[in-house]
2 protein chains.
Amino acid sequence: MAHSPKRKLFLDLVLSLFRLNGLLVAEGDRMAEALGLTSARWKVIGVVALAHSGVTVPGIARALGQSRQAVQRITDVMEQDGLLRYQDNPEHKRSVLVCLTDRGQEVYTALRAVQDPWAIDNTEDVPLEELETGLQLVRRLIYKFDR
Amino acid sequence: MAHSPKRKLFLDLVLSLFRLNGLLVAEGDRMAEALGLTSARWKVIGVVALAHSGVTVPGIARALGQSRQAVQRITDVMEQDGLLRYQDNPEHKRSVLVCLTDRGQEVYTALRAVQDPWAIDNTEDVPLEELETGLQLVRRLIYKFDR
DNA sequence: GTCAGAATGACAACATGCTGCAAAACTGGT
DNA sequence: ACCAGTTTTGCAGCATGTTGTCATTCTGAC
């Protein structure tokens, strides 16, 4: 059993994923730095920007697959920094909606101007099919573990 | 440029990788819990166990692609817990070698008894070729970012 | 042998993630 | 309308990772 060919492949993959995660966080920090953001805030502003109608903090957490508290702490700081604002939620007295401020929108636009070329540069020499298969595998594993 | 087909694919992949990373850490914690370990200690004990002859703390950090301090803190705790021991390094007066204690070896063996079936179970329904392509992609990205 | 530069250890500050708990607000079945 | 169960908030504690700084040790070029 220990010699299953997939076993070592999978364990190598898991270790490599840990490492790649660290490198991607560093990349995010590097890209977001000039805009006064960090990797974690980059993730949050992305979710808020794509949900034009406002999302709740637990909603962001679910979208990112993270804990509510981790997101709450970041949105609190970003609200202090004037990137996000909290807006009354007609559907829930306590759970406010998170929206971009004008400045938040500007920062997100500037972020896209860095992030999109980054994405294109880094896939230039990667076959489309490899990206598709890789994404399929990652999603398959998420589905497997996310219960 | 913003409509490059690979751009969205890659950004989706990056977000999915962040999420998968969190799930894998949780899986590691779950597996290691019964052995009194955590995900971070699991990574460290794996590196030490595979390097039968002893490795230095910065060596472990390089193998994991992490900072020296992150590893140092963990090895210090594991040394207190009797899983690792520090041994004089004939090649360097200050930089000691990290080795498994007998108890550390036992724990690693017990870990394998959990980890290996876990790896096999989770790849049962994944085509071998998908694993190979996925690992190739991850390694390609690591190589791209790790400078 | 000497000396500049790299590697290492120790300490500290900080960012990001998790969990647990209690109280308030919402939801849905009766 | 009521009540049980779920969701959300706020607070607290902790694990893990990063960076920065300084002193010590090693290394290699000269």
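Note: the structure precedes this text.
Just so we're clear, the structure is a prediction, and the values are computed from it rather than from any experiment.

Undergrad: I'd like a description of the nonpolar core, backed by residues and values.
TA: Within soluble globular proteins, side chains that are nonpolar tend to cluster in buried spots. Formed by 89 residues in total, the largest nonpolar core has its most connected members in A:F10, A:L13, A:W118, B:F10, B:L13, B:I60 and B:W118. Apart from the residues lying within four places of it in its own chain, the contact partners of A:L13 are A:L137, A:L141, B:L131, B:G134, B:L135 and B:V138.

Undergrad: Give me the protein's contact with DNA strand D: which residues, what numbers.
TA: A:R68, A:Q69, B:T38, B:R73 and B:K93 are the nearest of the 21 residues found near DNA strand D. The contact atoms of DNA strand D, taken as those within 4 Å of the protein, divide so that sugar and phosphate hold 58%. The separation between a phosphate oxygen of DNA strand D and a polar side-chain atom of B:Q66 is 3.0 Å. The element that contributes the greatest number of residues to the surface near DNA strand D is helix α4 (residues 68–80) of chain B, accounting for four residues.

Undergrad: Describe the protein's contact with DNA strand C, listing the residues and the values that go with them.
TA: Inspection of the region around DNA strand C gives 22 residues, with A:T38, A:S67, A:R73, A:K93 and B:R68 positioned closest. In DNA strand C, atoms within 4 Å of the protein come from the sugar-phosphate backbone in 63% of cases. A distance of 3.0 Å separates a phosphate oxygen of DNA strand C from a polar atom in the side chain of A:Q66. Between DNA strand C and A:R73 there is a distance of 2.4 Å, counted from a base nitrogen to a side-chain nitrogen or oxygen. Listing elements by their share of the surface near DNA strand C, those giving two or more residues are α2 (39–50) and α4 (68–80) of chain A together with α3 (57–64), α4 and β2 (92–100) of chain B.

Undergrad: I'd like a rundown of the environment of A:L100, residues and numbers included.
TA: All names here are of chain A. Positionally, L100 belongs in strand β2 (residues 97–100). Taking the relative accessible area as the measure of exposure, L100 reaches 14% and is therefore buried. Once the C-alpha coordinates of L100 and H52 are considered, the two residues, 48 residues apart in sequence, prove to be 8.6 Å apart. Residue contacts for L100: discarding those within four places in its chain leaves I45, V48, A49, L83, L84, R85, Q105 and Y108.

Undergrad: Give a detailed account of the relation of the copies chain B and chain A, specifying residues and quantitative values.
TA: In the superposition of chain B on chain A (RMSD 0.1 Å, axial shift 0.0 Å), the rotation amounts to 180 degrees. When the rotation and shift are considered jointly, the pair of chain copies conforms to a two-fold rotation axis. Looking at the rotation axis and the C-alpha trace of chain B, the residue lying nearest is B:G134, at 2.2 Å. When the interface residues of chain B are mapped onto chain A, 100% of them are again interface residues, pointing to one common binding face.

Undergrad: Describe helix α6 (residues 128–145) of chain B, with residues and values.
TA: When the terminal C-alpha atoms of α6(B) are compared, their 26 Å separation across 18 residues agrees well with the 26 Å that a helix rising 1.5 Å per residue should span. Turning to α6(B), its buried residues are B:E130, B:L131, B:T133, B:G134, B:L135, B:L137, B:V138, B:L141, B:I142 and B:F145. Along its buried surface, α6(B) packs onto α1 (5–33), α5 (102–121) and α6 (128–145) of chain A together with α1 (5–33) of chain B.

Parameters and conventions
- Residues numbered from 1 in each chain as written.
- Chains lettered and ligands numbered in written order.
- Predicted model: local features only at pLDDT ≥ 70, side-chain atom pairs only at ≥ 80, totals over all residues.
- Heavy atoms only, no water.
- Core = buried A, V, L, I, M, F, W, Y, C linked by side-chain atoms within 4.5 Å.
- Buried < 20%, exposed > 50% of the residue type's maximum accessible area, 1.4 Å probe, protein only.
- Contact = heavy atoms within 4.5 Å.
- Near = heavy atom within 4 Å.
- Polar contact = N/O pair within 3.5 Å; in protein donor to acceptor, adjacent residues only side chain to side chain.
- Helix = DSSP H or I, 4+ residues; strand = E, 2+ residues; numbered from the N terminus.
- Least-squares fit on C-alpha atoms with pLDDT ≥ 70 in both.
- Expected span 1.5 Å × (residues − 1).

Nothing here speaks to function; it is all geometry.
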